Amino acid sequence: MTDQQAQLVTTTQAARDLIAATVAEAIADGKPNPTVGLVPTMGALHDGHGALFEQARAENDVVIASIFVNPLQFDRDEDFENYPSTLNADLELVTRYGGDIVFAPDTQHMYPGYPDAPQIRVSAGEMGRMFEGASRPGHFDGVCTVVAKLWNILIPPAPAQFRSYFGQKDAQQLAIVTRMARDLNTDVAIRAVDLVRAPSGLALSSRNVRLDDHGMENALGLSKALHYLADQAAAGVPLDIAAARDIIRAQENVELDYLEIVDPATLASLTPQQLATPLASEALALVAAWVPPVRLIDNMLLAP
Ligand code: PAF
């Protein structure tokens, strides 16, 4: 199912009918257990989203993109109201990357009665209050609420298997939705899509275009600090987090927000005792810093 225009649906019933028909077609075509991959997005798609679609296309019989600007995850109403809406271009991009179905409901369809609804929301718990959540109260609760709803709406009928794709770039979001699938017993496999770096090492982000040449240069401190820790992990020596923070602080005009080494599943910071000995299992280094005029995040898995 890759050579035709992605089909647009805007309601739950239409999405479920189309997914059921597409799964039935795949079974009739000789695939007894078709796989369905969902790429949840907020639209305004660009080639930076390409890696998500490419991996979903490579791994599944059916690829769905959801496009929904979720008001529950914005800190300020005006950011939600000014969020770009580019549905026609998005449809073209999804088609170009081989997507089959685009689910693009409006706010009232997802949250009938909004802003007084939804009454019942999903809490991201402590995992949603740390790191990025500390400066954005409620953000990850909003993400969890919409992702849980998207899964409920778009989960394909048996015997199809359901997978949902999230970028490793947003490592905290990835850890939270992975935990949510487990805690809520949702029959979905979470697939992480690798972060993409420029040849300089800078993690690709739509915010990078706002950096001038000096900003680009200074921002490299983030990936240098992460590589420094990854090299220590690989060499089997204790991780010197203070020295890694100093790499970032040494950059001109960069303000470090946090650099922490955490358990990738729980996001709990490694204790000083754990840091004093070589890593026993995989850990995740998370960093955020202001490189004016933008705030950048980056992360790297540290393998012992
Ligand atoms: O990462 C995003 O674009 C959003 O947080 C998501 C997962 C689509 C939920 O609105």
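All values reported here derive from a predicted model rather than from experimental measurement.

1. Considerations on the site of the ligand
Part 1: As a structural note, the neighbourhood of the ligand is formed by Pro40, Thr41, Met42, Gln73, Val143, Val146, Phe166 and Gln173.
Part 2: Measuring from an oxygen atom of the ligand, one finds a side-chain N or O atom of Gln73 at 2.6 Å.
Part 3: Within the side chain of Gln173, one N or O atom sits 2.8 Å away from an oxygen atom of the ligand.

2. Thoughts on the nonpolar core
Part 1: Formed by 47 residues in total, the largest nonpolar core has its most connected members in Phe103, Met110, Val147, Trp151, Leu154, Leu267 and Leu286.
Part 2: It is helix H7 (residues 139–154) that contributes the most residues to this core, 10 residues altogether.
Part 3: Apart from residues no more than four positions distant in its own chain, Leu286 is found in contact with Phe131, Ala171, Tyr258, Leu259, Glu260, Val262, Leu267, Asp298 and Asn299.
Part 4: By size, the runner-up hydrophobic cluster in this structure holds 30 residues, among which are Leu220, Leu222, Leu275 and Leu302.

3. A short note on the UniProt feature "active site" (unreviewed entry) in the protein chain
Part 1: When the UniProt feature table is mapped onto this chain numbering, "active site" (unreviewed entry) sits at His49.
Part 2: Mapped onto the elements of the fold, His49 is located in the loop between strand E2 (35–41) and helix H2 (50–59).
Part 3: For His49, a relative accessible area of 16% gives the class buried.
Part 4: Discounting residues that sit within four places of it in the chain, His49 has contacts with Gly43 and Ala44.

4. Looking at the environment of Asp17
Part 1: Here Asp17 lies in helix H1 (residues 12–28).
Part 2: Along the sequence, Asp17 and Glu78 sit 61 residues apart, while their C-alpha atoms lie 35 Å from each other.

5. Things to note about the pairing of strand E5 (residues 161–167)
When a strand is regular, its side chains alternate between the sheet's two faces.
Part 1: Of all the 7 residues making up E5, 5 are buried; the element is thus mostly covered by neighbouring parts of the structure.
Part 2: Summarising the sheet, E2 and E5 pair through 4 bridges and their orientation is parallel. Each residue of the ladder has a partner; that of Thr35, found in E5, is Gln161.
Part 3: When E5 meets strand E6 (residues 189–193), the two strands line up parallel, connected through 5 bridges. Of the residues in E6, the one forming a bridge with Gly167 is Val193.
Part 4: The parallel pair E5 and E6, bridged by helix H8 (residues 171–183), forms a crossover whose chirality is right-handed.

6. Concerning the sheet that holds strand E8 (residues 283–291)
Part 1: Taken together, the 3 strands give an open sheet; going across it, the order is E7-E8-E9, and neighbouring strands pair in antiparallel fashion. Either end of the sheet is taken by a strand with one partner, and the two such strands are strand E7 (255–262) and strand E9 (294–302). The average angle at which neighbouring strand axes cross in this sheet is 10 degrees, direction not considered.
Part 2: Two elements, E8 and E9, share 9 bridges in a ladder whose sense is antiparallel.

7. A short note on the side chain of Asp90
Part 1: With respect to the helices and strands, the residue Asp90 is situated in helix H4 (residues 87–96).
Part 2: Although Asp90 is buried, it makes no salt bridge; Arg96 carries the closest opposite charge, 9.2 Å away.
Part 3: The contact partners of Asp90, leaving out residues within four places of it in the chain, are Gly43, Ala44, Leu45 and Ile67.

What counts as what
Residues numbered from 1 in each chain as written. Predicted model: local features only at pLDDT ≥ 70, side-chain atom pairs only at ≥ 80, totals over all residues. Heavy atoms only, no water. Near = heavy atom within 4 Å. Polar contact = N/O pair within 3.5 Å; in protein donor to acceptor, adjacent residues only side chain to side chain. Core = buried A, V, L, I, M, F, W, Y, C linked by side-chain atoms within 4.5 Å. Buried < 20%, exposed > 50% of the residue type's maximum accessible area, 1.4 Å probe, protein only. Helix = DSSP H or I, 4+ residues; strand = E, 2+ residues; numbered from the N terminus. Contact = heavy atoms within 4.5 Å. UniProt positions renumbered as here; feature names shortened; annotations may be inferred. Pairing = 2+ DSSP bridges. Right-handed = clockwise from strand over helix to strand, strands pointing away. Axes fitted to C-alpha atoms, helices over the stretch in contact; angles between N-to-C directions. Lys, Arg positive; Asp, Glu negative; His and termini not counted. Salt bridge = Lys/Arg side-chain N within 4 Å of Asp/Glu carboxyl O.

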